[in-house]
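Per-entry structural report
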Amino acid sequence: MRRLSPTAQGIVLMLGAIFLFSSMDATAKMLMERHAPMQVVWARYAGMMAVVTLILAPRLRPLLRTRRLGLQLLRSAFLFAATFSFFTAISRMEIAAATAVMQVHPLLLTLGAALVLREPLGPRRIAGVGAALVGALIVIQPGAEIFTPTALLPLLGGVFYASYALTTRFLGRDEPILTSFLYTAIIGTIAASILTVPVWTMPSAPDAGLFLMLGAVGAAGQFLLIRSLSIAEAGAVAPFGYAGVIFATLWGLFAFGEVPTPTTLLGALVIVGAGVYVWHRETRSRAAATG
């Protein structure tokens, strides 16, 4: 790894993070065959909290100081809602289809940044957002006989995740990233611990192992993601996040026997294509501005 350039290292770490996240999703889907989605969400946050506490223990007190407590709570609530929406979705539909629709969030973030942060929104960005939503509709197929309201959950998750990313970007102006990360873990763990009580079921020994693995894999993925973004420019590694659609398709095929339909593949291609197009245009625009 050390022989690679910082950008190449960042790409490898990003791909590793996305693979771990997709593995976490597949594990969650397995567990939700026997346990409520909220209990699985709890395991994801509890694992994240354990790793955060272990890594940041000497610095917890100063990192807890924030001048934006309201926004930190709102940001954490957005991520919690996104996680619950997506986990519920994959418990009821194909993991590849849900992952594909969830991938609209980078484009929704582009739209939100223009509306809230007053970032420029040109015709190409608008076209990219529109194309991504069309791709999501191709996967969801509203009006078709196979459509169920559950199919809207990953789209809702994408909206919540884009809102989370938007508040993260806003907070990043005057709050340390580790402070935001810590509040995400704390708020999510507290909320999940309370909400999982009514639906809690005692896991078997194998399921308890899967719960532990879910939390550990999710935390490891978060660590690789942060590390990736710390050594390489976000614009260079961000497009590789779309590899999640490929990983999800493979997990669905080999772990659950889910063969993606032509409409799922077409919709995923449209969504990923729109995201890569917008990224390419923004990269060229930044290069021209600094050139």
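This text follows the structure it describes.
A brief structural summary. Since this is a predicted model, take the numbers as computed values, not measurements. (Residues numbered from 1 in each chain as written. Predicted model: local features only at pLDDT ≥ 70, side-chain atom pairs only at ≥ 80, totals over all residues. Heavy atoms only, no water.)

1. Quick notes on the packing of helix H2 (residues 37–56) against helix H4 (residues 69–90)
- The N-to-C vectors of H2 and H4 enclose an angle of 130°; their axes lie 9 Å apart at closest approach. The angle between the axes of H2 and H4 places the two elements in the oblique class. In the crossing of H2 with H4, the sense of the turn from one axis to the other is right-handed. Contacts from Pro37, Met38, Val40, Val41, Arg44 and Tyr45 of H2 reach H4 at Leu79, Phe80, Thr83, Phe84, Phe87 and Thr88. (Axes fitted to C-alpha atoms, helices over the stretch in contact; angles between N-to-C directions. Helix = DSSP H or I, 4+ residues; strand = E, 2+ residues; numbered from the N terminus. Parallel < 35°, antiparallel > 145°, perpendicular 65-115°, else oblique. Left-handed = near helix turned anticlockwise from the far one by under 90°. Contact = heavy atoms within 4.5 Å.)

2. Some points on the nonpolar core
- Counting residues in hydrophobic clusters, the biggest one holds 71 residues, and the most contacted among them are Val40, Phe87 and Ile90.
- Broken down by element, this core gets its largest block of residues, ten residues, from helix H1 (residues 6–31).
- Isoleucine 90 has contacts with Asp25, Ala28, Lys29, Met32, Ile95 and Ala98, leaving out every residue within four places of it along the chain. (Core = buried A, V, L, I, M, F, W, Y, C linked by side-chain atoms within 4.5 Å. Buried < 20%, exposed > 50% of the residue type's maximum accessible area, 1.4 Å probe, protein only.)

3. A few points about helix H5 (residues 95–102)
- Counting buried positions over the eight residues of H5 gives eight, a clear majority of the element.
- Buried residues of H5: Ile95, Ala96, Ala97, Ala98, Thr99, Ala100, Val101 and Met102, and no others.

4. Observations regarding the environment of glutamine 72
- By the element assignment, glutamine 72 lies in helix H4.
- The class for glutamine 72 is buried, based on a relative accessible area of 0%.
- The sequence separation of glutamine 72 and phenylalanine 254 amounts to 182 residues, and the corresponding C-alpha distance is 39 Å.
- The residues contacting glutamine 72, other than those within four sequence positions of it, are Thr66, Leu171, Glu175, Thr179, Ser180 and Tyr183.

5. Focus on the packing of H5 against helix H8 (residues 153–171)
- Where H5 meets H8, the closest approach of the two axes is 8 Å, and the angle between their N-to-C directions is 35°. Classified by chirality, the crossing of H8 by H5 is right-handed. Within the contact between the two elements, H5 uses Ala98, Val101 and Met102 and H8 uses Pro154, Leu155, Gly157, Gly158 and Tyr161.
- For the contact of H5 with H8, the per-class residue count stands at six nonpolar, two polar and no charged. (Nonpolar A, V, L, I, M, F, W, Y, C, P; charged D, E, K, R; others polar.)

By themselves, these figures tell us nothing about what the structure is for.
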